[in-house]
Amino acid sequence: MTRLRQTEALLGSKVFQKVRDTPVLVVGAGGIGCELLKNLVLVGFSNIEIIDLDIIDLSNLNRQFLFRKPDISKSKAITAAAAARHFNPSSGIKIHPRHGNVKEGQNDIEWIKGFGLVMNALDNMDARRHVNKLCQAAGVPLIESGTAGYLGQVTPFWRDRTECFDCVTKPTPKTFPVCTIRATPSEPIHCIVWAKSYLFGKLFGEDDEALDTEELDKAQAAGENAEEIEQLKHEAAAFRQVRAQLGEEDGPKRVFEKVFHEDISKLLAMEDMWKVPGRVKPVPLGYDAIVLGDFVAPPLRSGPVAQTNGRPVPERNGESSTSALNANSKQLKDQRELTVKENLDMFIDSCRRLSARMISQPDIVLSFDKDDDDTLDFVLATANLRAIAYGIPTKTRFQVKEMAGNIIPAIATTNAIIAGLIVMQAINLLSSNIDKATNVFLRSDPAKPLGIYKLQPPNPACAVCRDIYVPFKVDVSKCTLGTFVDKVVKEWLPKGLGASNGNANGHAEEDEEINTEEVEWSVYESTRILADPDFNDNYEKTLEELEVVRGKMLTVRDEDDQFRAVHFCIVAPDPNATNTYTLPPSPPGIPRKPKKAIAPADDSDSSPPPQAMDAPAARRTGLTPSEAVSKKRAAGDDDDDGVVTVASDGQDSRKKRKVDAVVDMTGDDDDIELIE
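These numbers were taken from a predicted model, which means no experiment stands behind them.

**Considering the overall build of the protein**
Each helix and strand in the protein was counted, giving 18 helices and 20 strands. Counting across all 676 residues of the protein, residues that qualify as buried make up 48%. Partitioning the intrachain contacts of the protein with sequence separation of at least 6 by distance along the chain shows that 68% fall at a separation of at least 24. Summed over all atoms, the accessible surface of the protein reaches about 32900 Å², with 50% contributed by carbon and sulfur.

**Re the packing of aromatic side chains**
A full pass over the atoms with the stated rule returns 18 aromatic pairs. Geometrically, the ring pair formed by Phe157 and Phe165 is edge-to-face, given 6.4 Å between the ring centres and 75° between the ring planes. Like Phe157, the residue Phe165 is buried in the burial classification. Measuring from centroid to centroid gives 5.2 Å for Phe484 and Phe568, while their planes differ by 90°, and the two rings are edge-to-face. Residue Phe484 is located in helix α17 (residues 481-492), and its partner Phe568 is located in strand β15 (residues 566-571); the two are separated by 84 residues in the primary sequence. There is no split in this pair, since Phe484 and Phe568 are both buried. Here the aromatic residues Trp194, Phe200, Phe204, Phe256, Phe260, Tyr287, Phe347 and Phe378 are joined through ring pairs into a cluster of three or more. Above the plane of the ring of Trp158 lies Arg161, whose end atom (NZ or CZ) is 4.1 Å from the centre.

**Overview of the sheet that holds strand β1 (residues 24-27)**
Spatial ordering of the open sheet is given by β3-β2-β1-β4-β5-β6-β9-β10, a layout of eight strands whose pairing is mixed. Strands at the two margins of the open sheet, each flanked by one partner only, are β3 (94-99) and β10 (450-454). Averaged over all adjacent pairs, the angle separating strand axes in this sheet is 15°, with direction ignored. Where strand β6 (residues 151-157) and strand β9 (residues 438-442) come together, three bridges link them in antiparallel fashion.

**A word on the nonpolar core**
Counting 48 residues, the largest nonpolar core has Leu203, Phe204, Phe256, Phe260, Leu285, Phe347 and Phe378 as the members making the most contacts within it. Broken down by secondary-structure element, the contributors of at least two residues to this core are α7 (188-204), α9 (226-244), α10 (251-268), α11 (287-292), α13 (340-360), α14 (373-389) and α15 (397-405). If near-sequence neighbours (up to four positions away) are discounted, Phe256 is found in contact with His261, Leu285, Gly286, Tyr287, Ile290, Leu344, Phe347 and Leu385. Listed in part, the 44 residues of the second largest apolar core include Leu117, Met119, Ile422 and Val440.

**Regarding the UniProt feature "binding site: Zn(2+)" (unreviewed entry) in the protein**
Here, UniProt's "binding site: Zn(2+)" (unreviewed entry) annotation points to Cys164, Cys167, Cys462 and Cys465. For this annotated set, covering 302 residues, all C-alpha atoms fall within 8.4 Å of each other, a compact arrangement in space. As for its placement among the helices and strands, Cys462 is situated in the loop between β10 and β11 (468-474). Looking at where Cys465 falls in the secondary structure, it is placed in the loop between β10 and β11.

**Things to note about the environment of Pro393**
Topologically, Pro393 is positioned in the loop between α14 and α15. When the C-alpha atoms of Pro393 and Arg301 are compared, they prove to be 8.8 Å apart, with 92 residues separating the residues in sequence.

**Here's the deal with the confidence of the model for the protein**
Atomic detail in the predicted coordinates should be set aside for any region of low pLDDT. For the protein, mean pLDDT is 78; residues scoring 70 or higher make up 74% of the total. Taken element by element, the predicted model of the protein shows its lowest mean pLDDT in strand β20 (residues 672-675) (27) and its highest in β1 (97). With pLDDT under 50 throughout, residues 174-180 is counted as low confidence; its partners more than four residues away or in other chains account for 18 contacts. Confidence drops under pLDDT 50 across residues 501-510; counting only partners more than four residues distant or on other chains, this segment forms 24 contacts.

**Brief notes about the pattern of salt bridges**
In total, this model carries 31 salt bridges according to the counting rule given. A salt bridge links Glu110 to Lys113; its shortest N-O distance comes to 3.8 Å. Classification of Lys113 by relative accessible area gives partly exposed; the value is 38%. A salt bridge links Glu144 to Arg128; its shortest N-O distance comes to 2.9 Å. Of the two residues, Glu144 is situated in strand β5 (residues 142-148) and Arg128 in helix α6 (residues 125-138); the sequence distance between them amounts to 16 residues. Residue Glu144 shares its accessibility class with Arg128, and that shared class is buried. One network of salt bridges, in which partners are shared, links Asp349, Arg353, Arg357, Asp372, Asp373, Asp374, Asp377 and Arg397.

**Remarks on the layout of surface pockets**
Empty space within the second largest pocket amounts to approximately 240 Å³. In terms of lining residues, the second largest pocket is bounded by 14 residues, among which Val485, Lys490, Val519, Glu520 and Trp521 are the most central. Secondary-structure elements contributing two or more residues to the lining of the second largest pocket are α17 and β12 (521-525). In terms of residues, the lining of the second largest pocket owes the most to one element, α17, which gives three residues. Partitioned by chemical class, the residues of the lining of the second largest pocket number nine nonpolar, one polar and four charged.

Definitions and limits used
Residues numbered from 1 in each chain as written. Predicted model: local features only at pLDDT ≥ 70, side-chain atom pairs only at ≥ 80, totals over all residues. Heavy atoms only, no water. Helix = DSSP H or I, 4+ residues; strand = E, 2+ residues; numbered from the N terminus. Buried < 20%, exposed > 50% of the residue type's maximum accessible area, 1.4 Å probe, protein only. Contact = heavy atoms within 4.5 Å. Areas by Shrake-Rupley, 256 points an atom, 1.4 Å probe, with all protein chains shown as cover. Phe/Tyr/Trp six-rings, centres within 6.5 Å; stacked < 30°, edge-to-face > 60°. Lys NZ or Arg CZ within 6 Å of the ring centre and 35° of its normal. Pairing = 2+ DSSP bridges. Axes fitted to C-alpha atoms, helices over the stretch in contact; angles between N-to-C directions. Core = buried A, V, L, I, M, F, W, Y, C linked by side-chain atoms within 4.5 Å. UniProt positions renumbered as here; feature names shortened; annotations may be inferred. pLDDT = per-residue confidence, 0-100. Salt bridge = Lys/Arg side-chain N within 4 Å of Asp/Glu carboxyl O. 1 Å grid on protein atoms, 1.4 Å probe; cavity = no way out; pocket = protein on both sides within 12 Å on 5 of 7 lines; lining within 4 Å. Points joined across faces, edges and corners; volume = space filled by probe spheres on them. Nonpolar A, V, L, I, M, F, W, Y, C, P; charged D, E, K, R; others polar.

See the structure below:
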């Protein structure tokens, strides 16, 4: 009996046919993704697409078993697909690998609708939330997963049947998988993990030159790309050379120039890498310029003002960027932020100390220990120098010790268990037996390692799965924002106001008659306010000019925050479309938001007035985007043309210049700030 026949006998012919026919998407080809892809192939899923933007690194090989050393620097998705096919070669399985970002515009709501099931194998919160929102918008079931050391979880999400990923506020993560490190770091933790897990091992870890050479030679003899093999040998030899020279007087300087000048210069030569939105080009560090005090550090990347111990850091030019901070912390050595020159001096000194230990005790392999001053100094200086090159805020010694100590490495066994549980939950969903699907946790209790919990219903207050989503086929080069507001928002959309909707919250009561002309609307793209009743400066601009393109969403909210938000998902127009845009035949039902719980008032005269809180009360604090917008202006202020006034403290304020209100709608932070 073949493997497929055995699977059919176990699952039953009906469920097995769904396994064969259902197209599935795997997002992520790392530790969990490799195990999951192998399992899907063995079970018999015949139409699999896998997407990942990452390339294979040496540090991946200890747990991502589909990769080998000759695969280093290759696409994870493409390499994993090629390796997984061999597990069930005669089953007619088709794997479609894609090297790319799931957040790219082409991966829109219409794309996600092409799958019957989506499985996340991601390692960062932002991508998880993006995929969750896509699946909620398209009504496609999603299986979320994750691991941290020996712990793990698998949770199915299905619109209107279960809660979604954003129904429960997530705690701030205190551990970071190694896979969050990219070639283009954007946060201090990325630099810290890079310094600890990558560069430290290259310079002071175990040297496996013989094994490297043997495996690379075998790969070349087997027909692997000879040019890539030679490049890998060259890179390995370059690191081995500077490692061998560490004990010399100028050895640490050579390491610095290779890592922070030559390697960064090579990255800058890869133009395609920096075309991805949001990526910031690094600046090569000059050793002599730093020593002489002539080096000008690049400004911090755009975004909220960098904070160090609660204070803003306005500049980072030589030593002036931290002088004010250091003046207040002379007696707290570990909590003092270092200058560029001080980081360089610490890097050189720690390299010499570690090199001396390596030479004096060649049989002892050095490893990072947060309580080892030599290794901690190296990670601190290296992480800060990398952060300076990439325009990222630096950290103090105390902060680096805390952050590096919280890093938990991924464990291959945990990944394998979680991947198996994902497939079991996938079979439950495909069999339309949602009652058997459960939220499964892998725990550290040896007596009962698996914790199984019933799936919860949607949270009525969720701002993701309870909102309304509308596919909006539009030619963004022709459709103006004014057309969208006048024809879609004001004419088409209000017809659904107050109506209960199949994909709404199910809690809306029968509404009294609504005067749709009295409802006022604001239009957002992510955190940008594009239009509101008092701001129409963008009406003549096309959506393309406003950078509202395929894959993005136009969010419409009523000013009084009574109704669910409506998200218009931008997709490509039909090839033969004659109109600028195409909408569904009828507008969706837009129910009211659930009534907010009012805290009981205290009889005491000194008690503050009751505050309206979202349910549950602890889920949110501060202003919602629509609450903030509703406070923008009092009546009679129409003489301030083009002014948008938003106050984060709930008080009205006035500005005599036009600004963009940036609102964080992710649920992590409800602060509102003004960007000039």
